[in-house]
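Coordinate analysis (summary)
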Amino acid sequence: MANVDEKTRRVRSLLSSYYGVEGAPSQGGSPRSEQSDTPSARSTSRLGGGRALAGLDSAAFDVDRYLQSLLRTTRLDALLAKHTEMSSEIKNLDSDMQMLVYENYNRFISATDTIRTMKSNVDGMDSSMQELEKVTESVAERSEAVNSKLQLRRDQIEELSQVKNLLTKLQAVFDLPRRLSTALDQGALEIAADAYADAAPLLKRYGHKGAFRKVAVEANACAKELTGTLKQRMLHHKEEAAECIQMLRKLGEPVESLQEDFLACMKMRMANILGEAEAVVTAMAVQNRLRRQSGAAAEVAHADAWGLEPGKPPSLSRFVVELDQRFLTELTHTTVLFNELFDQSGRRQLLKATREKFTEYIALMKTALKDAAEASAAHSAGIQLHPPPPGANAEDHPTPDPSEDWGASVLAEALYTASNDVARVQSLLPELSPADRGTEVVEAVLRHHIGACFAALERRVLDLLHEVLPQLHNHEAAKKKPMPGAQQAHPLIEAFEGIAQILMAGTDSVLHAMELYTKRAWVLRAWQDVFVDLVQGQLQQLFLSLLSRFWTVSGLGVEGLQSQPGLAPAAATSAGGAWDVFARPSSPVGNAKQPEAGLLLLLARVCSFMESTALVHVMETLAATFPGQGGGSGSGQPPAFVAGEVARRLHMAMRALVGGYVEAHGRRLSAAVRAAAAAADPADQREPRAPQPVCGKLLQALAAARDEAALLIDDSAAAQSSSGRGEEWYSSAAAGSREGMERNVARLFQERGPIFGEVELTQASVLAGITRIGIKSFVESVRLQTLNRQGLQQLQVDVHFLRPQLRRYAQGPEGAVVSHLLDEVVAAAVERSLEPILLDGHILDRLASAPPAQ
Amino acid sequence: MAPSEKNITYGLKFQARAMVPFHSEGAQSRWLVGTNALRDENEIQVLEFEPEKDTIRMAEVHSHPQEVWQIAPCPSNPCLLMTVHNEEGLHTASLWHMPPENGALEQQAELKGSSSVRTVAWHQTQPDAALSVEGAKLVHWRLGKGTAEVASECANGGSEELTGGSWDPHNADRFCTTGGTSVQVWDLRSGQQSGAITEAHGMAVREVDFAKQQDNLIVTAGDDCKLRLKGDGGALAELGGHSHWVWQARFNLQHDSLILSASSDALVNLWYLPSCGAPAASKAQAAATTPVKRPVGPGAAAGKDGKVQSYGDHEDSVYSVAWSSADPWTFASLSYDGRVAVHRVPSQVKYKILI
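All figures in this text were calculated on a predicted structure; none of them were measured in a lab.

This next bit is on the overall build of chain B. The helix and strand tally for chain B stands at four helices and 28 strands. Residues classed as buried in chain B amount to 51% of the 355 residues present. Pairs at least 24 residues apart make up 45% of the contacts formed inside chain B by residues separated by at least 6 positions.

Scanning chain A from N- to C-terminus turns up 26 helices and zero strands. Here chain A holds 854 residues, and 34% of them are scored as buried. For chain A, contacts bridging at least 24 residues in sequence account for 80% of all contacts bridging at least 6.

Residues and elements named next belong to chain A. The interhelical angle for the contact between helix H24 (residues 789-807) and helix H26 (residues 841-848), taken along N-to-C directions, is 70°, at an axis separation of 9 Å. Relative to H26, H24 is oriented roughly perpendicular. Seen from above, H24 lies across H26 with right-handed handedness. Note on element contacts: H26 touches H24 through Leu-844, Leu-847 and Ala-848, opposite Gln-796, Val-797, His-800 and Phe-801.

All names here are of chain B. Taken in spatial order, the four strands of this open sheet run S6-S7-S8-S9, and their pairing is antiparallel. Looking at the sheet topology across the chains shown, the edges are occupied by strand S6 (67-73) and strand S9 (106-111). Direction aside, the axes of adjacent strands within the sheet are offset by 30° on average. The pairing of strand S8 (residues 90-97) with S9 spans five bridges and is classified as antiparallel.

All names here are of chain A. In the contact formed by helix H19 (residues 643-679) and helix H20 (residues 693-712), the axes pass within 10 Å of each other and the chain directions differ by 170°. Taken as axis vectors, H19 and H20 run roughly antiparallel relative to one another. Contact residues: H19 offers His-665, Arg-668, Leu-669, Ala-672, Val-673 and Ala-676, while H20 offers Val-694, Lys-697, Leu-698, Ala-701 and Ala-705. Of the residues belonging to the contact of H19 with H20, the class tally is eight nonpolar, one polar and two charged.

Here we take up the pairing of strand S5 (residues 55-64) of chain B. Residue and element names in this part refer to chain B. With nine bridges joining them, strand S4 (residues 42-50) and S5 adopt antiparallel strand pairing. Among the inter-strand pairings, Val-46 is bridged to a residue of S5, identified as Glu-60. In this antiparallel pair of consecutive strands, S4 and S5, the connection spans four residues, and Asp-54 shows a positive phi of 55°.

A few words now on the environment of Tyr196(A). Residue and element names in this part refer to chain A. Tracing the backbone through its elements, the reader meets Tyr-196 in helix H7 (residues 189-206). C-beta crowding within 10 Å serves as the criterion here: with 24 such atoms nearby, Tyr-196 is assigned to the buried category. Put simply, Tyr-196 and Asn-220 are 24 residues apart on the chain and 8.6 Å apart in space, counted from C-alpha to C-alpha. Residue contacts for Tyr-196: discarding those within four places in its chain leaves Leu-180, Ala-219, Ala-223 and Leu-251.

Our next topic: unusual backbone geometry. Residues and elements named next belong to chain B. For Asp-54, which is not a glycine, the phi torsion comes out positive at approximately 55°. For Asp-54, the location among the structural elements is in the loop between S4 and S5. Using a count of 13 C-beta atoms within 10 Å as the deciding quantity, one classes Asp-54 as partly exposed.

Quick look at the environment of Ala643(A) now. Residues and elements named next belong to chain A. Take Ala-643: it is sitting in helix H19. For Ala-643 and Gln-540, which are 103 residues apart along the polypeptide, the C-alpha to C-alpha distance reads 8.0 Å. Ignoring anything within four residues of it in the chain, the contact list for Ala-643 reads Leu-615 and Met-619.

All right, on to the confidence of the model for chain A then. All names here are of chain A. On average, residues of chain A score 70 in pLDDT, and 68% of them reach the 70 mark or higher. Per-residue pLDDT stays below 50 along residues 386-403; that stretch engages in 16 contacts with residues further than four places along the chain or on separate chains. Note on residues 715-754: pLDDT under 50 across the span, and 37 contacts to partners over four residues away in sequence or across chains.

This paragraph deals with the confidence of the model for chain B. Residues and elements named next belong to chain B. Taken as a whole, chain B shows an average pLDDT of 83; of its residues, 90% reach a score of 70 or greater. Scored below 50 in pLDDT, residues 279-302 shows 48 contacts in the model against residues more than four places distant or in partner chains. Taken together, the chains of this predicted complex give a pTM of 0.62 and an interface ipTM of 0.84.

For the rest of this paragraph, the subject is the pairing of strand S11 (residues 129-134) of chain B. All names here are of chain B. In terms of burial, S11 is a largely internal element, five of the six residues being buried. As paired elements, strand S10 (residues 117-122) and S11 share five bridges and run antiparallel to each other. Across the sheet, residue Thr-119 finds its bridge partner in S11, namely Val-133. Hairpin remark: S10 followed by S11, antiparallel, with six residues in the connecting loop. When S11 meets strand S12 (residues 137-143), the two strands line up antiparallel, connected through six bridges.

Bringing the sheet that holds strand S20 (residues 227-231) of chain B into the picture now. Residue and element names in this part refer to chain B. Spatial ordering of the open sheet is given by S18-S19-S20-S21, a layout of four strands whose pairing is antiparallel. Looking at strand neighbours, the two that pair on one side only are strand S18 (205-210) and strand S21 (234-239), the edges of this open sheet. Direction aside, the axes of adjacent strands within the sheet are offset by 20° on average. Pairing analysis gives five bridges linking S20 to S21, with the strands arranged antiparallel. Paired with Leu-229 across the bridge in S21 is Ala-237.

What counts, and where the lines are drawn
Residues numbered from 1 in each chain as written. Chains lettered and ligands numbered in written order. Predicted model: local features only at pLDDT ≥ 70, side-chain atom pairs only at ≥ 80, totals over all residues. Helix = DSSP H or I, 4+ residues; strand = E, 2+ residues; numbered from the N terminus. Buried ≥ 20, exposed ≤ 12 C-beta atoms within 10 Å, placed from the backbone. Contact = placed C-beta atoms within 7 Å. Axes fitted to C-alpha atoms, helices over the stretch in contact; angles between N-to-C directions. Parallel < 35°, antiparallel > 145°, perpendicular 65-115°, else oblique. Left-handed = near helix turned anticlockwise from the far one by under 90°. Pairing = 2+ DSSP bridges. Nonpolar A, V, L, I, M, F, W, Y, C, P; charged D, E, K, R; others polar. pLDDT = per-residue confidence, 0-100.

This is the structure we're talking about:
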C-alpha cells in the first residue's frame, strides 16, 4: 500500500514538474480525494490539526497517520471497501500515466526526427552554395567576353563612318539627276528617257553602293516622274500611245505593267463614255417621268448628240446610235491597237478588261431600252407615273389609243441597231460572244416590254379603283344637295365601264403591239414560240395579279386565292418580277379597315365581267393574233394561258366578294338592329302607334344596297340614275333572267333549309342575302330581350310593316325564307314576352300603315 | 362529315341557351343543360353520353323555377352550382345545391346585384370565391353556407356595359371581360382594369375564352362573324367561317389547337390551329389564316390553321358548345330549339395532334 502511494506521489511530482505546476493545490485539487474522505476521516484529519490533510495530494499529507487513523476508526468492511477503492484509483492513475508517457514519447520521437532532417538539409545546402558560386563566376566571365567583342565592332563602325565621309566628298561627280530634271522641265521627254536609259545599267550595277546610292535614288525619282508624264500622255492622246509605250519600255517598265496601264487607260475612257451615257439614261428617265429627279440635274455633255433636246421626248434610236458609235468604236480601236503593241500573251488581260466594260455596256443598254419600254407602256396606258412639276403642262389623262403600238416599233428599231452593232465586234473579240449578248439584250428587253405593258394596264385598273373611293364620298355628298339637271353618272358605273374598257381595248392593243414583233423575223429569230408563250403567260399574270390586287383592296383579309391547292401561280415565267415603277404610291384610303361595300360589289362585278366577257375576248384575240403558235416549247408543259383555271379562280373570287358585300351590308343592318335593341326600354309602357324607327333604317339601308346592286348587276339598268325608281320598275326588271337561278336557290333551301346559303351575283340573290342577315339579327336581338305586352305588340307592328316592304327585296323562294324569318321574329317575341297577347289583324293594318317613327 | 359519324342528338322540351361540361367519373361524358323558357317551369338536366352505345341519356333532372341564361358548376364540389336566371327582365345569379337524386334545386343564396348580372364564374381553387359581371363592374363574392356576401367590387370608372367574361385559369388574379367592341383585362388584386384590347372585333364582342394549357392565349368571338386569337405577340389569327354572329368559342380542355365555335347561322365549327398547339410553334405561321370555304377544306388536312369541319345538324341558332371533361375528343352543342348534338373530333385531326 505504501509502495503504491509512493509511486503515485512520484508520478505526481513528475507530472507537475512537467506541466509546471508548483506542487498540487492544497485543496480541491482532485475531487476524487474529497470523495474518498469519509466524514470520519475528515474529522480525524481535523483532529490531526494539519490543514493540509484535506487531500491526499498535499505535501503535508502524512500517510502513516492517515493509515493509523483509518485502521483505528474504520470498521473492517469499510476498510476493505477503502482498499478496493484505492486500488482501483491506483490502477486508473497508472493507466493515465501510461497514456501520458506514451503521448510524450511520440512527441519526443517526432522532435528527434525533425532535428535529424534539419541537420541533413543543412549539409545539402553547403554543396548548393558552392554551385552558386561557380555560376556567378561564369557569368562574370561571359560578360567580359561580350564586352571585348563589342569593342571590335565599335572600331569597325568608326572606320566605316570615316569612309562615308570620304565618299560624300565625291558627290559632285554625279550630275545625272539634275540633267534628268532639266530635261523633264523642258519637256524633252525623249532625251530624258534616253539619258536615263544610258545611265540605268550603271545605276543598276553600283546604285546600291556608297555615293551612287543617292544618285540612283534621284534618277529613279525623275524616271518615275517621267513615267507618270508618259502615262498621262498615253491616256489623253490616244494616237501617241504607241510612242509612249516605246519610251516607257526604254525606261525599263515591265511589259505586264505597261499592258495594265494601257488597259487601265482604255477602261477609263470607256468608263467616261458609259458614265456620260448613264447620265443620259437618267435624264431620259426623268424626262419620261419614270423616276423622280434626284438632286441637281446631272450635267449631260453634248445633250443633243445623245438625242436629248429640251421640250422634246428623247429619241431612243439616236441614243442607241450614239452610244454604240462611241463605245463600240472605242472598243474596236483599242483592241486593234493592243494587238499591234503587244503580243498574244497579253490577250487574257485584254479580254478581262474588255469583258468587264462590255458587260457594263450591255447592262446600260438594257436599262435604257427597258426604261424606254416602261415609258412607252406608261404613256400608252395613259398613266401619270409621277405628277409633273408645277408649271409644266398638266395634260389630262390621255385615253389609251388603240392604234398606238405601245412603243413596239421604236423599240424594235433600237434593238435592231443595237444587236447589229454589237454583232460587229464578233470578229474582233469572239471570246466575249457579243452576238449572244446582243440576243440576250433583245430577249430581256422584249420580256420587259411585254411585262411593262401588262403591268401598266394593271396599274391603270387599280388607279381607277382607287379613284372610286373618294368619288363615292363626293357622290354621297352631292346627292344630299340635289342639283336639278345634273344627272351625272354614278362613280361605280364610271369605274366599272373604265375598267371594262381597259381590259378589252387595252389587252387588244397590247396584243397588236406584240404582234408587231412577230412580224419582224429578225427580232425573234428562233424563239417565236417562247415569245408567244410569254405573252400569254403575262396575260394570265395580268388577270391573276389583278385578282389578288382586288383581294387586297377588298380588305376581306383572307389570304389570296393562291394558297388554294393546285393553283400554283403561273407567274413563275414572268421576266419582270416586281414592277416597282408601276406600283401605286400607298394611299391612305387603301388602308382603310372596312372597305366601302360598294367597292366590294364593284370588284365582284369586275371579276364576273373578266370571267364571262374579257376572258373569252382575250382568248379569241390571242387565237387571231398568234394563230397556231405558242405552246411549242415543250409538249410536256402546260399551256401558258389556262383559261379554265383563270375562270375558276375568278369565279371563286367573285363568290367571295359578293359574300363580302352581302356581309358588309348585313353588318350595317345588324348594327342598326342592335342599336335599336340597346335603346329599347323594357319598362316602356307606351302602346304601339307606328313602326319603330329601326324599320325605316332597315329599309333605307336595303334601298341603298338595292341602288348599288341595280347599278352594277343588271346590265339594262346600269345606266339609270339611282334616285326615284319605283317598285314597278323593280319588279319588271327583276322578272326576266333569274328564274333558273331562283329554282336552284329554291332547291338549295329545300335540301338544307338553313338561313344562309350561297349568294349569286344577281340583284335578287344579293338583296335577299342582305335581308336574311338583317332579319336574322332582328330575331337574335329579340331573343335576348324580355318583353312586356307593349313590346311584343310593337314588334308585331314592325314585322307587319316590314313584310310587304321586304317582299320587294326578296321574291320567290328567297321571299319564303325571309317571310319565314319574319315569322320567327314574331315567334321569338311571343316566346320572350311575359304576356303573349297579340294585336288583331285590322288594328295591325292600321298601325303598320303609319310611317315609321323618327 | 366522316362516314362513320352518326347523328347523335337529344331534344329538350324547351328552348335552351346554356350548356357546360360537368364533372363525371368514368368514360361517360356529362354536361349540364339549362332550359330558357320565359313562362314555363325550367329545369337543369344532367346529360350523359355513353360512347359505347353512342346515345345521350338524361341522367338527372332538377327543376329550376326561372329561365336559365348561364350555368357555372363549382369546380371542386359537384353538388354546388351557380346560375344566371331571368325574372321579369332582370338577370340575377344564384347559388344552388343540387341534390344527388332528381328533384328541385335548393337555393342557397342569391348573388343580388344592383343591375342585371351578365355572367358568373367560380374561383379555380377556392370554392368559396366567385365573381359576377354586372353593369360596368365586377363583383367579388364570398360564398358561405347558404350566404353570399360582396367581398369587393372592381370598376374602372367607365360606363361601358360589360357583357361577359372569363377567369384566367393560369392566373387567379386576372379576369377578362367583354364590353362593346373591346376586351378588358382586370387585375383582381388591385381591383383595377389593367389593360384592354380595343377594337377587338368590328362589332360587339360576344365571348372570350382562355386557352387551358398555354398562358396568355385567348380567343374572342364577335358579331362580325369572326373569331380572333390573341397571344403575347398580339393578334395571332382571324377565323371567319360563320355567316352570322358567333356566340361562343371554346378551347379544348386538353389541346389548345382545337377550338369550337357556335353561331346563330346554326352552324358549329371545329377549328384546328396547329400553330397555337405548342408554344414553340412558329407564330409566323399563325399569322397566315386560310380562306374558309363551306366544304371541308383540304387546307385543314395540310396542317395549316383552319376549319376542320362545320356541323350542320342544328336548325336554329347555336348558343352553346361544350367539350367533354371526360374525353378530350368529344363535344356537344346546343341550339335554341333545345337540340343537343354530340360529335367527336375527326380521327385524322386527332392523330395529327397525338402523333
